[in-house]
Amino acid sequence: MEQYFLNSIHFEITLALISVLLISFLLVLLNILKRRKKIEQDLNIRLEQLNILNENLMEEIRLRKEAEKKLIEYTEELKNINATKDRFYSVISHDLKNPFQGLLSYADLLYEDFDSLPDDTKKEIVKGIKNQSKNIYKLLLNLLEWTKLQSNKIKIEPIRINLRNKVDEILNLHDANAVRKNIKLKNEIDPNAVAYVDDYILSSVLNNLISNAIKFTKEGGTVTINSFFSSDGVEIIVHDTGVGISSEDIQKLFKPDSHFSTKGTNSEIGTGMGLLLCKEMVEKHGGSISVESKLNEGSIFKVFFPIKNYNVLLK
């Protein structure tokens with residue numbers, strides 16, 4: 001009996017120890033799990049903080065790149081503004097000064113020697129005064145147009161225009177000059193060709209390009225105008241059989257910092273601003289202008305007006 005009692009006590013003690021150990025193990029396990037959960041929470045917080053830092057870093061990099069891009073654009077804009085300013089000063093100091101000097105020379109000669117000059121000479125002097133005055137007037141008109149472009153006062157208002165009729169209208173303005181040089185003007189645009197283009201810009205661009213084509217085409221040559229329609233817009237082509245343009249001079253045609261002006265085949269005088277105005281006008285319309293030419297092989301000017309960007313007040 002005593003032995004049984006001792007065994008019973010021993011069993012209970014063993015059971016109690018096992019229970020204590022089990023409870024201790026469970027407590028340790030719970031503590032480990034709790035600590036693990038805390039570590040996981042801390043890790044998640046750290047990961048979230050790292051993600052935020054990474055996002056902030058990426059945003060900072062994006063903003064820095066955007067700032068760099070804007071700085072490059074601003075620098076380029078300043079270069080263009082500076083080139084425009086230099087071009088304006090060049091026009092004032094060179095393009096205006098020289099015609100006025102010629103005009104004053106003619107006037108002085110006519111005034112001082114009027115009584116002794118033959119009528120034929122007087123007529124030539126008056127003709128020279130007329131030509132110089134026309135050139136100065138044209139230059140002033142170009143300057144006014146240029147001022148409007150630079151001050152962003154061009155409002156694009158496309159309307160439905162029959163291209164063939166519009167080209168006929170412009171060709172009629174230059175018919176006398178073409179007849180004097182025996183140049184054939186050909187309008188090959190389809191009679192039903194219609195485009196939605198700003199009338200003022202289209203007329204100004206066509207007037208400049210056709211005038212130049214006649215100016216640089218020799219007697220007996222041809223100036224042809226055509227058009228090509230696509231899903232993107234309309235391309236107007238002015239093709240002449242004139243003297244052509246060298247690859248070096250082509251690079252100067254549309255640059256505001258390049259003073260490029262040459263006399264025509266009959267010594268016609270230009271302002272050097274016509275093509276620059278064409279480029280700026282077409283680009284205001286959202287289009288583009290390009291040229292293909294070789295010396296003594298004529299020139300092809302292409303003006304593209306897109307379907308999009310209509311009814312937009314450009315800033």
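Residues numbered from 1 in each chain as written. Predicted model: local features only at pLDDT ≥ 70, side-chain atom pairs only at ≥ 80, totals over all residues. Heavy atoms only, no water.

Caption draft 1: Local environment of the packing of helix H4 (residues 163-173) against helix H6 (residues 199-215). At a closest axis distance of 10 Å, the pairing of H4 and H6 adopts a crossing angle of 50 degrees. When the axis of H4 is compared with that of H6, the two are oblique. The two elements H4 and H6 cross, and the hand of that crossing is right-handed. Counted together, Leu-163, Lys-166, Val-167, Ile-170, Leu-171 and Leu-173 of H4 and Asp-199, Leu-202, Ser-203, Leu-206, Asn-207 and Ile-210 of H6 form the full contact between these two elements. A class-by-class count of the residues in the contact of H4 with H6 yields eight nonpolar, two polar and two charged. (Axes fitted to C-alpha atoms, helices over the stretch in contact; angles between N-to-C directions. Helix = DSSP H or I, 4+ residues; strand = E, 2+ residues; numbered from the N terminus. Parallel < 35°, antiparallel > 145°, perpendicular 65-115°, else oblique. Left-handed = near helix turned anticlockwise from the far one by under 90°. Contact = heavy atoms within 4.5 Å. Nonpolar A, V, L, I, M, F, W, Y, C, P; charged D, E, K, R; others polar.)

Caption draft 2: Spatial organisation of the environment of Leu-163. Considering the arrangement of structural elements, one finds Leu-163 in helix H4. Judged by its relative accessible area of 1%, Leu-163 falls in the buried class. The sequence separation of Leu-163 and Ala-195 amounts to 32 residues, and the corresponding C-alpha distance is 6.7 Å. Once you skip the residues sitting within four places of it in the chain, Leu-163 turns out to touch Ile-189, Ala-193, Ala-195, Leu-202, Ser-227, Phe-229, Val-234 and Ile-236. (Buried < 20%, exposed > 50% of the residue type's maximum accessible area, 1.4 Å probe, protein only.)

Caption draft 3: Region of the structure containing the packing of aromatic side chains. The full count for this structure, using the stated rule, is zero aromatic pairs. Over the face of the ring belonging to Phe-114 we find Lys-122, whose NZ or CZ atom lies 3.8 Å from the ring centre. (Phe/Tyr/Trp six-rings, centres within 6.5 Å; stacked < 30°, edge-to-face > 60°. Lys NZ or Arg CZ within 6 Å of the ring centre and 35° of its normal.)

Caption draft 4: Molecular detail of the confidence of the model for the chain. Predicted confidence across the chain gives a mean pLDDT of 79, with 81% of residues reaching 70 or more. Confidence over residues 309-315 falls short of pLDDT 50; this stretch has 16 contacts with residues more than four positions distant or in other chains. (pLDDT = per-residue confidence, 0-100.)

Caption draft 5: Representation of the nonpolar core. Of all hydrophobic cores here, the largest spans 45 residues; its most connected members are Leu-163, Leu-202, Val-205, Leu-209, Ile-225, Phe-301 and Phe-305. The greatest single-element share of this core, amounting to eight residues, is contributed by H6. Apart from the residues within four sequence positions on either side, Leu-209 is in contact with Val-238, Leu-275, Cys-278, Ile-289, Phe-301 and Val-303. (Core = buried A, V, L, I, M, F, W, Y, C linked by side-chain atoms within 4.5 Å.)

Caption draft 6: Representation of H4 within the structure. Looking at H4, one finds that the buried residues are Leu-163, Lys-166, Val-167, Ile-170 and Leu-171. Angularly, the buried residues of H4 cover 135 degrees about the axis, an arc narrow enough to put them on a single face. For H4, the side-chain oxygen to backbone nitrogen distance between the N-cap and Arg-164 is 3.1 Å, and the N-cap itself is Asn-162. (Arc of directions from axis to C-beta. Polar contact = N/O pair within 3.5 Å; in protein donor to acceptor, adjacent residues only side chain to side chain.)

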